[in-house]
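For reference, the chains in residue letters:
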Amino acid sequence: MKILAIAVSLMLTGAACAADTAASSATHRYMIERTFPKGALDGLDAKAKQSVNATNAKFGVTWVTSYANADKTKTFCVYEGPSEQAVRDAAVANKIPVDSVTEIPVTLESK
């Protein structure tokens, strides 16, 4: 009986550790607000996007989509990554400004 109790205890401990590891490596979604000088985004072509994406990948970060105001001085970007710090580190490496980062774990559908 003692051996069974020890085995069950070890199995539960292992399951808890596996769950903690899975949770810590999960991908999170973030909204990044940025402010750019007027005209800074005018040269954002396919090559520049490819460079940003390659740098992001080094941090485990993925650029999902971005929205910009009419004069392209303010952007709201959706990113996925392992942590807020990874998103911030990728931005620094890309030399892209970050005003704020907000985790957005909940999706609200319009329908």
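Residues numbered from 1 in each chain as written. Predicted model: local features only at pLDDT ≥ 70, side-chain atom pairs only at ≥ 80, totals over all residues. Heavy atoms only, no water.

## Considerations on the overall build of the protein
Note the threshold: To qualify as a helix, a DSSP run of H or I must reach at least 4 residues; to qualify as a strand, a run of E must reach at least 2; elements of each kind are numbered from the N terminus. Buried, partly exposed and exposed residues are distinguished by accessible area as a fraction of the type maximum, computed with a 1.4 Å probe on protein chains only: under 20%, between the cut-offs, and over 50%, respectively. Whether two residues are in contact is decided by their heavy atoms: any pair within 4.5 Å suffices. The protein chains shown are the only cover counted for residues, whose accessible areas, like all others here, come from Shrake-Rupley with a 1.4 Å probe.
For the protein, the helix and strand inventory stands at 3 helices and 4 strands. Taken from N to C terminus, the helices and strands of the protein fall in the order α-β-α-β-β-α-β. Across the 111 residues of the protein, 20% fall into the buried class. The long-range share in the protein, meaning contacts at least 24 apart out of those at least 6 apart in sequence, stands at 72%. Split by element, the accessible area of the protein, about 7700 Å² in all, is 61% carbon and sulfur.

## A short note on empty space enclosed by the protein
Quick reminder of the rule: The method works on a 1 Å grid over the protein atoms by themselves. A cavity is a set of points holding a 1.4 Å probe that cannot get out, a pocket is an open set with protein on both sides within 12 Å along at least five of seven lines, and residues with an atom within 4 Å of a point line them. Grid points are joined across faces, edges and corners, and a volume is the space filled by probe spheres set on the points. Polar here means any residue outside two lists: the nonpolar Ala, Val, Leu, Ile, Met, Phe, Trp, Tyr, Cys and Pro, and the charged Asp, Glu, Lys and Arg; Gly therefore counts as polar.
Applying the stated criterion across every chain yields a total of 1 cavity of 30 Å³ or more. When its volume is computed, the largest cavity comes out at roughly 40 Å³. Together, Arg-34, Asn-56, Tyr-79, Val-87, Ala-90, Ala-91, Asn-94 and Ile-96 line the largest cavity. Residue classes in the lining of the largest cavity are distributed as 5 nonpolar, 2 polar and 1 charged.

## Focus: the sheet that holds strand 4 (residues 100-103)
So the rule is basically this: For two strands to pair, DSSP has to find at least two bridges joining them. The angle between two axes is taken between their N-to-C directions and runs from 0 to 180 degrees, where each axis is a line fitted to C-alpha atoms and a helix contributes only its stretch in contact.
With antiparallel pairing, the 4 strands of this open sheet are ordered in space as 2-3-1-4. The two strands at the open ends of the sheet, each matched to only one other strand, are strand 2 (62-68) and strand 4. Each neighbouring strand pair of the sheet contributes to a mean axis angle of 20°, computed without reference to strand direction. Note that strand 1 (residues 28-35) and strand 4 share 4 bridges and pair antiparallel.

## Looking at the packing of helix 2 (residues 46-57) against helix 3 (residues 84-94)
The relative placement of two packed helices is expressed as an angle between their axes plus a distance between the axes. Going by this rule: Convention used here: angles under 35 degrees read as roughly parallel, angles over 145 as roughly antiparallel, angles from 65 to 115 as roughly perpendicular, and any remaining angle as oblique. Crossing handedness follows the turn of the near helix against the far one: under a right angle anticlockwise gives a left-handed crossing, and clockwise gives a right-handed one.
Relative orientation of the contacting elements helix 2 and helix 3 amounts to 135°, with a least axis distance of 9 Å. In terms of axis orientation, helix 2 runs oblique to helix 3. The interaxial crossing formed by helix 2 with helix 3 has right-handed handedness. Between helix 2, through Ser-51, Val-52, Thr-55 and Asn-56, and helix 3, the contact on the second element is made entirely by Ala-90, Ala-93 and Asn-94. A breakdown of the residues in the contact of helix 2 with helix 3 according to their chemical character gives 3 nonpolar, 4 polar and no charged.

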